[in-house]
Amino acid sequence: MSKKQKKDKAARSTRQLMGIEEIKDYCIATRMGNLVFFIIKPTNISVLPDSSISARIYALLNVVKGQAEIEMLALNSKESFERNKDFYRERLSQEELPAVRRLLEQDSKHLDRIQVLMASSREFYIIIRLRGEQESDVFSYLSRIEQNINDNGFTTRRATEQDLKKMLGVYFEQNVTTEKFEDFDGDRWVIVGE
């Protein structure tokens, strides 16, 4: 890679590195088309009888087969402790002192308990990739898709710009604590007119 290519790559924005041209109020614009995200409210299937689970699977099948360009995404909406748990396992295998081993085991179990409590902290998305649709037709098209998903028994809504920024923050950074995502770092501190 030449010095100019390295310099150009270093000067690229985070969005460019992720392949995002723009985050609009209803989609993420990429060179491969606009991605519209529908947030699906999860159902706790662990309390449902087998027949209800089969019905939910069939309903999801209807949603998927009714839309050719559908994609799906599942994300943790809370922190992941996998690296921490790996660290504890490695330390445990190396530790010789029984008292420290017990503490490491307790810490590891504590993380397991937290993870179980957050197990329902998942976010599910149905993604529609728009390619070349007219701007005037997009919203009626998306409304029909949303209605189809709801008609099949799922609770859904189209992701807003803040939802999209939050989803990207969780996916790329595991950032689950930010309340409002800015367009630029430090954006909230800029005073307009001074």
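Residues numbered from 1 in each chain as written. Predicted model: local features only at pLDDT ≥ 70, side-chain atom pairs only at ≥ 80, totals over all residues. Heavy atoms only, no water.

**Student:** Looking at this model, I keep getting lost on the overall build of the protein. Mind explaining?
**Tutor:** When helices and strands are counted, the protein shows seven helices and six strands. Along its sequence from the N terminus, the protein presents helices and strands in the succession α-α-β-β-β-α-β-α-α-β-α-β-α. Counting only residues that meet the buried cut, the protein has 30% of its 194 residues in that class. Counting only contacts in the protein whose residues sit at least 6 apart along the sequence, the fraction spanning at least 24 positions is 68%. (Helix = DSSP H or I, 4+ residues; strand = E, 2+ residues; numbered from the N terminus. Buried < 20%, exposed > 50% of the residue type's maximum accessible area, 1.4 Å probe, protein only. Contact = heavy atoms within 4.5 Å.)

**Student:** Can you help me understand the pairing of strand β1 (residues 20-23) in this one?
**Tutor:** Along any regular strand, the residues point their side chains to alternate faces of the sheet. Across three bridges, β1 lies against strand β2 (residues 28-30) in antiparallel orientation. Within the sheet, the bridge partner assigned to Ile 20 lies in β2 and is Thr 30. (Pairing = 2+ DSSP bridges.)

**Student:** What's the story with the side chain of Arg 129 in this structure? I'm lost.
**Tutor:** Inspection of the secondary structure puts Arg 129 in strand β5 (residues 122-130). On the basis of relative accessible area, Arg 129 is assigned to the buried category, the value being 18%. At 3.0 Å, the side chain of Arg 129 and the side chain of Glu 71 are in polar contact. When sequence neighbours within four positions are dropped, the list of residues in contact with Arg 129 reads Thr 30, Met 32, Asn 34, Leu 35, Glu 69 and Glu 71. (Polar contact = N/O pair within 3.5 Å; in protein donor to acceptor, adjacent residues only side chain to side chain.)

**Student:** Looking at this structure, how should I read the packing of aromatic side chains?
**Tutor:** Aromatic rings considered in pairs are described by the distance between their centres and by the relative angle of their planes. All told, the structure shown has three aromatic pairs when counted by the stated rule. Centroid distance Phe 87 to Tyr 88: 5.9 Å. Interplanar angle 55 degrees. Geometry classified as tilted. When its relative accessible area of 48% is taken as the criterion, Phe 87 is described as partly exposed. (Phe/Tyr/Trp six-rings, centres within 6.5 Å; stacked < 30°, edge-to-face > 60°.)

**Student:** Got a minute to help me understand the pairing of β5 in this structure?
**Tutor:** Within β5, seven of the nine residues are buried, leaving the element largely enclosed by the surrounding structure. The pairing of strand β3 (residues 33-40) with β5 spans seven bridges and is antiparallel. By the bridge assignment, Ile 40 is partnered in β5 with Phe 124.

**Student:** Would you mind going over the nonpolar core with me for this structure?
**Tutor:** Here is a general trend for soluble globular proteins: nonpolar side chains tend to be buried in one another's company. Residues Phe 38, Ile 126, Ile 128, Leu 130, Leu 142 and Ile 149 are the most contacted members of the largest nonpolar core, which totals 17 residues. Counting only elements with at least two residues in this core, the list comes to β3, α3 (50-65), β5 and α6 (135-151). No other element matches the five residues that α6 contributes to this core. With residues near it in sequence (within four places) discarded, Ile 128 still touches Asn 34, Leu 35, Val 36, Phe 38, Gln 67, Glu 69, Ile 70, Tyr 141 and Ile 145. (Core = buried A, V, L, I, M, F, W, Y, C linked by side-chain atoms within 4.5 Å.)

**Student:** How should I be thinking about a nonpolar patch on the surface in this particular structure?
**Tutor:** A contiguous nonpolar patch, built from Leu 60, Val 64 and Met 72 and spanning about 220 Å² of accessible area, is present on the exposed surface. Within the element layout of this structure, Val 64 appears in helix α3. Val 64 sits in the partly exposed class, given a relative accessible area of 31%. (Patch = residues over 30% accessible without salt bridge, like charges linked within 9 Å, V, L, I, M, F, W, Y side chains within 5 Å. Areas by Shrake-Rupley, 256 points an atom, 1.4 Å probe, with all protein chains shown as cover. Salt bridge = Lys/Arg side-chain N within 4 Å of Asp/Glu carboxyl O.)

**Student:** I tried to follow the side chain of Thr 30 on my own but got confused; where do I start?
**Tutor:** Along the chain, Thr 30 falls in strand β2. Within the local environment of Thr 30, its side chain forms a polar contact with the backbone oxygen of Gly 33, the two atoms lying 2.6 Å apart. Beyond its immediate sequence surroundings of up to four residues, Thr 30 is in contact with Gly 19, Ile 20, Glu 21, Leu 35 and Arg 129.

**Student:** For this particular structure, what's the right way to read the environment of Val 63?
**Tutor:** In this fold, Val 63 is placed in helix α3. If sequence neighbours within four positions are ignored, Val 63 has contacts with Ile 70, Ile 126, Asn 148, Ile 149, Asn 152 and Phe 154.

**Student:** Whenever I open this one, the environment of Phe 38 confuses me. Can you help?
**Tutor:** As for its position among the elements, Phe 38 is in strand β3. In this structure Phe 38 comes out as buried when scored by relative accessible area, which is 0%. Separated by 89 residues in the primary sequence, Phe 38 and Ile 127 place their C-alpha atoms 6.3 Å from one another.

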